[in-house]
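# Architecture at a glance
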Amino acid sequence: MTNPQDIRSTGDAAQLRASTDPEANPVLGAAVGDTNTSTPGGDPENISGLELIESLSRGELLRRRFLRSTSAWFGMIIFALLVLMAVFGPMIYQYGPFERDLRNALTGPSMYHWLGVNENGLDIFARTLQGLRISLVIGIGTAFLTSFLALAVGIVAGYVGNKGKWGAIADGGLVNLINLFLVIPSLLLLMLFSPVLQQATWLWMIPLLAGFAWMLTARVLRAMTQQLVRTEYVEAARFMGVNPLITMTRHIIPNIASWIIIDTTLGVSAAILGETGLSFIGFGIQYPQVSLGTVLQDYNISAPYTWIPPAAVLAALVISINLMGEALRDALDPTSGSSRL
Amino acid sequence: MIRFISIRLLTYVILAFVATSFAYLLAASLMHPEEVLYPPAATEPVPHQTAQLYLNTRNINPDTPLFERYANWLGGLIRGDLGVTTGTNKSMVPVFDELKTRIPISLRLIVLGTVIGTALGIILGMVAAVRRDSLGDRASTLLAFFLLSLPTPVIILIVQQTNQLIMDGTGWGLPAINPINPLLEAGSWESIRYQIKALVMPTIVLALAAAASYSRYMKVTTLDVLGSDYLRTARAKGLTRGRAMNRHGLRMALIPMGQYFAFAVGGAFSGSLFVELMFNWQGIGRFVISAIAMADVNGTAGVVLYTAILTLISATFADFLQGALDPRIR
Amino acid sequence: MSEPILSVRDLSVSFPSEYGTVHAVSNLSYEVHKGEALAIVGESGSGKSVSSLAVMGLLPRNATVSGEIELLGRKLFTMDDGQLSTLRGNTISMVFQDPLSALTPVFQVGKQIAEVVRIHHPEVSVSRADRRAIELLEAVGIPEPARRATQYPHEYSGGMRQRAMIAMAIANEPEMIIADEPTTALDVTIQAQVMDLLKSAQEMLGAATVLITHDMGVVAGFADRVLVMKDSQMVETGGVDEIFYRPREEYTRSLLAAVPRVDLAESEGSKSIAGSALRHVADPAAGSTVSTPREQRPTVLEVEDLHRIYPITKGALVRRKIGEQRAVDGISFDIREGECLALVGESGCGKTTTLMEIMQLRAPQQGAIRVNGTEVQDLTRKERAALRSDVTIVFQDPMAALDPRMPIADILKEPMRVQGYTKERMDERVEWLLKTVGLLPEHAARFPTEFSGGQRQRVGVARALACDPKLIVLDEPTSALDVTVQAGVLAMLADLKVRLGVSFLFVSHDLSVVRHISDRIAVMRKGKIVELGDTEDVFSDPQHEYSRELLSAVPIPDPEIARQRRRDVIDRSAFKGVGGAAAGAGTAS
């Protein structure tokens, strides 16, 4: 427990002897002496060091830990059900999201209108399904684009940061860009842009949301890259004369990949929440498209069935994604909470 | 310390200025207030001369180059004049006056919500970390998880619906909409009581949202502190677990929280937007929604300036807090 | 003998983990008497620190503990946290390894020392406790204690922080002091001072002391008795002379044999068996140097009047230069073929900066670097890339030097790929390289995390050898390794030097390590080389005062010699100051 970086093991001497050809190194035998065979499994002083000794690849370990968590299974099952519902639901349901049935306006769930009709005579179940489709596309698309933007800015800023004077200036510029985007009230700018751009297509929502969501991830990635650039293996690659671009793709990205995966997963739910909020106040997805936010917009506080279905679907969607993301995070960093007290 | 704060303050002022300018230019180039004022389908075309005059006095004439309009707006900004509102409303209400009446309404929400939310979040997060895996930890972590998975409108709907159910059941409930009751005499005891009651639900919503994210951050930083060497030293000195945490751990755990605080106010602003919309408060949030919907360039820019200043103040406050807590950055 | 202050019986500690229960300590028993110093020695992972944390009652909550610990006749495992708190810091105190992280960064040092007085003696007023803190700081040899007491830990140097930690530990005159690797993070000259201080403090208080360390040299000068641990179990225990001169167990013998000795020449006559294994390391190396005289061999690297100056700037927006830090201040040396030059100095002396300047292969700020006789500043981009195969580096930390996501084969191929080797040639060489550094060809497909520290360092050396370099720069290649592993790696390096004829630039802070492998030594201090000469000459007759100081500070793993060198450093009068009387009365001991 004394030093977290201390992952040397006592098995070292014995393992060395076992795996080293004594002919090639005659001095070694004398130097190491006749040590007793050590217990397998090595380093009791540092528990997090254990995973390094076990001959499991990191990916395998992650997968195992992930699948062991019940919340991961819950998340995956709910998410899969919702996706199936979004894909096949509208095919079998008799009402479309824009069909008006004004005679039944503001009536509760019935045999024909499974979840009721809102005050404009629109079927809530049909609209919820359609909204789910759009929300899913926007959520996933935005998350990927956000991660890509963050990766590009974060890695470049982190990598060039200690490359001389110009590198520091470029890094400073990117950091200030990140700060600027953080200071800008992004909600207001989204409200400005969204109606204008959506005159072309609702898919504009994806780059728009991504454009105001990459900053915090980029900041983290920059810090991580800075740490990696200082590691000796990146330094070694530099001293071998390896091209910086190759260094980035071969050494830096693989080492932050797991973090990016987690962040992308959680980014899906963040994007869905953002889009919902925006659509709710009327600046998100515009007619003739519906998202869960626009369905929610037609709420009527005296008729709970007008808002509970879209809210429940939305909550199930976001919760399932967050469950998967959290399980991934726990799998990656199981010792995050080991405390001394 | 003073040097540190003043440098940070200067950076923030520059950032706020750039952000506001950026927003003005965007709004001015994307919006078409003239179409709202004089819709193309207007029955009787307005004489060109009159229209130009109208647009010029409001500094929204699309025929004037964008940067000239920007320069005009900047000139006004220096004089403390943010222009007048546009839109269908042809009475020239100065944006400044509009903001002046609305800011107290919104700020009441934001400040109360943030303060209560932060305090609650810090306490919950710390307790959850110290009593890890206890019932309280599990409950608060789960609650935070669910709250963070719900968009603000849904939280508001849940709170309102609960209130409605209580009202239906017992006949007693909190006012669902409006911050003040115009029927009651202003300044009277009744009116103040109504105002306080009206404040409860919106504050609950904002405080819950803030507390959920704060408790998570606080839990993480507290767990870091719990694993630190200095806390072990403090215990080796003879402090019990709880006293070591209070005397050495709490202050260290609060240091990184300062940075989260700077962004929390931005979050509270978006939260207050929904609250104002759904509780029908005539605050900044409602104003900006209608301003953008009606292509009110000056009004939008004014609100952006207000949020930028708000962020600036909270970021400076966060830095100040950090400087006070941590001697290393002084 | 008197009643023991601390007695540990059958102590076992285990932790749950991903791969089942890990036994950190099994069936450990020992006793410590008044005024006695017990050293618990072991390599990393032997369970020595966990056992001491168990005594303090500071183990993580998930630990399972069994056995019995008695302090002054009180059974510790029957006490709750509150009762234990009255003992900790008062009857038993602890000095931790890393003084930077062990002091709370946001409180003044004086306040932190005063706190320990006030916790156990609430009747002492705040101002009186503050005064006591200043006296304690004075007693442990901190200059200007009154001013220093109001400073924060980050304003202290490493040695001063550890002094402050000791002041904190002795504040309430405890009966028992535990020091957990107290000097591991410190430079060798500071280490000597801190160990002397600790010893003096212990003798002054007459406290029973447990010293936990991996360093046999430190043990020799400090302990009365020694307990050797390995893999969570006790290997043997006995008086310090007994352990050093007549160890019974094989493990103790090999541990001692692997300890490098700075007093190599005298060690022949020493009764301690320490360093015996490494005596052979130098032998083959010494044999080869005789063949051709140094002057006739070609120069591989020549550094002439090298400077590296960092400006110190101030101001956030407009940067003004307010001074400069001369990290490397005009150094010159050369390395001939098949030679090993050791660059030795304490932290911050500029040795790493020198390395980086050489490895950059770019024009230095001032001075010249010549590789194989060509000035590096004249190189074209292409020539520089080609030259990168001639000058390679082995890093200090074998954990950080290899990309954990790459199999060993890819790691070894990386430099060859840059130099444009064919696929067949690369595969061939990977096999040869692995054999050369004492690994098996099968290891090529494995990932670095599957190897131990020593094996990883061998991979690092193999990577450095990949393109037949002329010069390998070794940046503290063994300082992160356990002593027995270090001996193996040093032996391999010495062997490579002879067999392949490569030259080494061996950078180290540890004089005893380089003694066995280097032909020439350059002692560096504050950016300058203060002494440069043949290894034997420098060790037998150091010319510069600083070299002498460095040499004398290195602990000697021989109790008799170590005892002669000990100095008394604590300021007893300051400790017994006004406040001391009050605190002393409070303890009623």
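Definitions and limits used
- Residues numbered from 1 in each chain as written.
- Chains lettered and ligands numbered in written order.
- Predicted model: local features only at pLDDT ≥ 70, side-chain atom pairs only at ≥ 80, totals over all residues.
- Helix = DSSP H or I, 4+ residues; strand = E, 2+ residues; numbered from the N terminus.
- Buried ≥ 20, exposed ≤ 12 C-beta atoms within 10 Å, placed from the backbone.
- Contact = placed C-beta atoms within 7 Å.
- Expected span 1.5 Å × (residues − 1).
- Arc of directions from axis to C-beta.
- Nonpolar A, V, L, I, M, F, W, Y, C, P; charged D, E, K, R; others polar.
- Pairing = 2+ DSSP bridges.
- Axes fitted to C-alpha atoms, helices over the stretch in contact; angles between N-to-C directions.
- Left-handed = near helix turned anticlockwise from the far one by under 90°.
- Parallel < 35°, antiparallel > 145°, perpendicular 65-115°, else oblique.
- Domains from an automatic or database assignment.
- Core = buried A, V, L, I, M, F, W, Y, C linked by C-beta atoms within 7 Å.
- pLDDT = per-residue confidence, 0-100.

Okay, the overall build of chain A next. For chain A, the helix and strand inventory stands at 14 helices and 0 strands. Along its sequence from the N terminus, chain A presents helices and strands in the succession α-α-α-α-α-α-α-α-α-α-α-α-α-α. Per-residue burial over chain A gives 48% buried out of 341 residues.

What follows is about the overall build of chain B. Scanning chain B for helices and strands turns up 12 helices and 0 strands. Counted from the first residue to the last, chain B has its helices and strands arranged as α-α-α-α-α-α-α-α-α-α-α-α. Dimensions of chain B along its principal axes, counting C-alpha atoms only, are 85 × 60 × 35 Å. Within chain B, the proportion of its 330 residues that are buried is 44%. In chain B, of all internal contacts separated by at least 6 residues, the share reaching a separation of at least 24 is 73%.

To continue, consider helix α9 (residues 229-236) of chain B. Two residues of an α-helix separated by three or four positions point the same way, owing to the 3.6 residues in each turn. Residues and elements named next belong to chain B. Counting buried positions along α9 yields 8 of 8 residues, so the element is predominantly enclosed. Within the sequence span of α9, burial applies to Asp229, Tyr230, Leu231, Arg232, Thr233, Ala234, Arg235 and Ala236. Backbone geometry just downstream of α9 places Gly238 in the positive-phi region, at approximately 115°.

Moving on: helix α10 (residues 215-230) of chain A. Residue and element names in this part refer to chain A. The end-to-end C-alpha distance of α10, which contains 16 residues, comes to 23 Å, matching closely the 22 Å that a straight helix rising 1.5 Å per residue would cover. All of the buried residues in α10 are Met215, Thr217, Ala218, Leu221, Arg222, Thr225, Leu228 and Val229. Buried residues in α10, looked at end-on, bunch into an arc of 140°, giving them a common side.

This paragraph deals with the interface of chain B and chain C. Of the residues lining the interface, 21 residues belong to chain B; the matching set on chain C comes to 27 residues. When residues of the side of chain B that touches chain C are assigned to their parent elements, the largest contribution, 7 residues, is made by α9 of chain B. Split by residue class, the side of chain B that touches chain C holds 8 nonpolar, 5 polar and 8 charged.

Let's shift gears to the pairing of strand β9 (residues 225-230) of chain C. All names here are of chain C. Most of β9 is tucked away, with 5 of its 6 residues classed as buried. In this structure, strand β3 (residues 37-41) lies alongside β9, joined through 4 bridges in parallel fashion. The partner of Val41 across the bridge, within β9, is Val228. One ladder, built from 6 bridges, connects β9 with strand β10 (residues 233-239); its direction is antiparallel. Residue pairing in the sheet places Arg225 in a bridge with Gly239 of β10. Where β9 hands over to β10, the hairpin turn is made up of 2 residues, of which Asp231 adopts a positive phi near 45°.

Attention now goes to the packing of helix α11 (residues 284-293) of chain B against helix α12 (residues 297-325) of chain B. Residue and element names in this part refer to chain B. For the pair α11 and α12, the least separation of the axes is 9 Å and the interaxial angle reads 145°. Along this stretch, α11 crosses α12, giving a crossing that reads as left-handed. Packed against α11, whose contacting residues are Ile284, Phe287, Val288, Ala291 and Ile292, the element α12 presents Gly299, Thr300, Val303 and Tyr306 at the interface. Counted by class, the contact of α11 with α12 contains 7 nonpolar, 2 polar and no charged residues.

Residues and elements named next belong to chain C. Spatial ordering of the open sheet is given by β16-β17-β18-β13-β19-β20, a layout of 6 strands whose pairing is mixed. Either end of the sheet is taken by a strand with one partner, and the two such strands are β16 (391-394) and β20 (528-534). On average, adjacent strands in this sheet sit at an angle of 20° to one another, irrespective of strand direction. Pairing geometry for strand β13 (residues 340-344) and strand β18 (residues 503-508), over 5 bridges, is parallel. Looking at the pairing, Val344 lines up with Ser508 of β18. Each of β13, β16, β17 (471-475), β18 and β19 (520-525) is contacted by helix α14 (residues 351-360), which is oriented at about 150° to β17, the strand it contacts most.

What follows covers the sheet that holds strand β6 (residues 92-95) of chain C. Residues and elements named next belong to chain C. One open sheet holds the 6 strands; their spatial order is β6-β7-β8-β3-β9-β10, and the pairing between them is mixed. Among the strands making up the open sheet, the edge pair consists of β6 and β10. Shown here is a sheet whose adjacent strand axes are inclined to one another by a mean of 15°, direction ignored.

The subject of this paragraph is the environment of Met324 of chain A. All names here are of chain A. As for its position among the elements, Met324 is in helix α14 (residues 308-332). Note: C-alpha distance between Met324 and Trp73 (251 residues apart in sequence) is 7.8 Å. Apart from residues lying up to four places away in sequence, Met324 is in contact with Ala72, Gly75, Met76, Phe79 and Thr265.

The subject of this paragraph is the packing of helix α7 (residues 164-183) of chain A against α10 of chain A. Residues and elements named next belong to chain A. Contact pair α7 / α10: the axes reach a minimum separation of 9 Å and the direction vectors enclose 150°. Here α7 lies roughly antiparallel to α10, going by the angle between them. The crossing of α7 and α10 is left-handed. In contact with Ile178, Phe181 and Leu182 of α7, α10 contributes Met215, Ala218 and Arg219. Here the contact of α7 with α10 is composed, by residue class, of 5 nonpolar, no polar and 1 charged.

Take the domain arrangement of chain B next. Residue and element names in this part refer to chain B. Its domain assignment divides chain B into domain 1 (1-89 + 295-330) and domain 2 (112-293). Computed over C-alpha atoms only, the centres of domain 1 and domain 2 are separated by 30 Å. With 15 residues of domain 1 at the contact, the number on the domain 2 side is 15 residues. Considering only residue class, the side of domain 1 that touches domain 2 consists of 7 nonpolar, 6 polar and 2 charged.

With that settled, the discussion passes to the nonpolar core. Where a protein is soluble and globular, its nonpolar side chains tend to be buried together. Core analysis: the largest hydrophobic core is formed by 348 residues, its most contacted members being Ala39, Ile113, Ile166, Ala167, Leu505 and Phe506 of chain C. Per-element accounting of this core gives the leading share, 17 residues, to helix α10 (residues 241-279) of chain B. Residues from two domains meet in this core; each of domain 1 (1-89 + 295-330) and domain 2 (112-293) of chain B gives at least three. Not counting residues up to four positions away in its chain, the partners in contact with Phe506 of chain C are Cys340, Leu341, Ala342, Leu474, Val514, Ile517 and Ser518 of chain C.

Turning our attention to the confidence of the model for chain A. All names here are of chain A. Here chain A averages 74 in pLDDT, while 80% of its residues score no lower than 70. Mean pLDDT values for the elements of chain A range from 29 in helix α1 (residues 11-19) up to 90 in helix α6 (residues 124-160). Long-range and interchain partners of residues 1-55, a stretch whose pLDDT sits below 50, account for 141 contacts in this model, where long-range means more than four residues apart. Taken as a whole, residues 335-341 scores under 50 in pLDDT and shows 21 contacts with residues more than four places along the chain or in a different chain.

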